[in-house]
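A closer look at the structure
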Amino acid sequence: MSTATLPLPVMPDTHGHFGRFGGMFVPETLMAALTDLADHYDRARKDPTFQAELDRLLGDYVGRPTPLYLAERWTEKLGGAKVYLKREDLLHTGAHKINNALGQALLALRLGKKRIIAETGAGQHGVATATVCARFGFDCTIYMGKVDMERQALNVARMRFLGAKVVAVTAGQATLKEAVNEAMRDWVTNVDTTHYILGSALGSHPFPMMVRDFHRIIGVEAREQILARENRLPDLLVACVGGGSNAMGLFHPFLNDEGVRMIGVEAGGEGILPEKHAARFQGGRLGVLQGTKTWLLANADGQIELTHSVSAGLDYAAIGPEHAWLHEQGRVEYTYATDDEAMDGFQELSRVEGIIPALESAHAIAHVKKIAPLMSPDDIIVVNLSGRGDKDVAQAARIVFGEDIFKM
Ligand SMILES: *Cc1c(COP(=O)(O)O)cnc(C)c1O
């Protein structure tokens, strides 16, 4: 099982290092803003008024706590371990991302910033950010690659109805990486008035720690719920890993529970060949990208490689630095599911449980499909259902039925 020495140290240090990973690799002009953000966050974290307001809105507005659901029919079909789903798909706007967007919006209020920017790939983080901006009356600008805007037209329309300005980024591959660059450029220019709501456990300190903390509620609830239900901790936690925020949220409160094994599932795309996947621990290397030192996909010259996944939310060249550290410690295991396996998982959960998962979450589902049958009926798996699949139905219909649902 785990090779890490427990208990694990409290991470990160004051400059955001998780062991040799993480840190603050940003332009000079952003250092003051990031330090200020880290200070305000530290005070907010310890302030009962801040926590009470966050808890109230997580309850009334976002829909927490989410259920821990025993997938009975699926468990029976798999014929092994008992499988529970942590239902983040039931949250307002359809995924876990709102936990972090809300936390950071409350922090922006404290920072006295009236303008919010964010980057988005699939559009889920853009929608969550636009939502909290509408809720608090912030001016909102979302950077999105032009290619992603075409692929995710529904989410672009949602953001616009929510009052956000969506800026098309045309540089390079015109996807998430370029959108992050553009958001950073905006932030450098407008840092006095603007807060950048980063969407995953990535980037410069304090973002990886802060985003993780806002999602810890997932694991805190799951822990209480499984103890109430089964009177013991689970044997295995499974979550998909893009930047790594939903996985960190589920895993973190269990890291020092020796008997709990954890598996992060990356995007295996069309297989582990250059430019065909986004599984950073399969052929990746140590490097620096967009503010943090971590495991990433780059060629021998250090140039970032193109990535591919059926799921836009997992399609990014770098993984969050805390995951790089947990991987090195051997505390969390990392594997991958291919596009085809994720599509199978997407269809199986839809048919057997009546729950259409996000294509990102379908990667975690795909791994449970492989591992649950090898485990005993006395074993318990908790899998994070990070989001719902409504946003993916058009794409899935094209792949599975060969039909364009907007032209039927
Ligand atoms: C964005 C997204 C992910 C991937 O991001 P993480 O930071 O790795 O959690 C996973 N699932 C859903 C539903 C998403 O929207």
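Before reading further, recall that the structure is shown in the block above.
Here's what I pulled together on the structure shown here. (Residues numbered from 1 in each chain as written. Predicted model: local features only at pLDDT ≥ 70, side-chain atom pairs only at ≥ 80, totals over all residues. Heavy atoms only, no water.)

Taken together, 18 residues lie near the ligand, and K97, S200, G242, S245 and S386 sit nearest. In the environment of the ligand, an oxygen atom lies 2.8 Å from a nitrogen or oxygen atom belonging to the backbone of G244. Residue S386 places a side-chain N or O atom 2.7 Å away from a nitrogen atom belonging to the ligand. For the ligand, whose unbound accessible area comes to 380 Å², protein coverage reaches 96%. Here the residues of the shell around the ligand are counted per class, giving five nonpolar, 11 polar and two charged. If you count residues domain by domain, the shell around the ligand takes at least three from each of domain 1 (25-59 + 97-207) and domain 2 (63-94 + 215-407). (Near = heavy atom within 4 Å. Polar contact = N/O pair within 3.5 Å; in protein donor to acceptor, adjacent residues only side chain to side chain. Areas by Shrake-Rupley, 256 points an atom, 1.4 Å probe, with all protein chains shown as cover. Nonpolar A, V, L, I, M, F, W, Y, C, P; charged D, E, K, R; others polar. Domains from an automatic or database assignment.)

Tracing the backbone through its elements, the reader meets Q225 in helix α9 (residues 207-230). Look at Q225 and you get partly exposed, because its relative accessible area is 21%. Distance in space between the C-alpha atoms of Q225 and N384 is 13 Å, their sequence separation being 159 residues. For Q225, the contacting residues outside a window of four places in its chain are P65, T66, P67, L68 and K86. (Helix = DSSP H or I, 4+ residues; strand = E, 2+ residues; numbered from the N terminus. Buried < 20%, exposed > 50% of the residue type's maximum accessible area, 1.4 Å probe, protein only. Contact = heavy atoms within 4.5 Å.)

This part takes up helix α1 (residues 28-46). Over its 19 residues, α1 runs 28 Å from end to end, which matches the ideal 27 Å to within 8%, given 1.5 Å per residue. In this structure, the buried side of α1 is in contact with α2 (48-62), α4 (97-111), α8 (176-190), β8 (194-196) and α9. (Expected span 1.5 Å × (residues − 1).)

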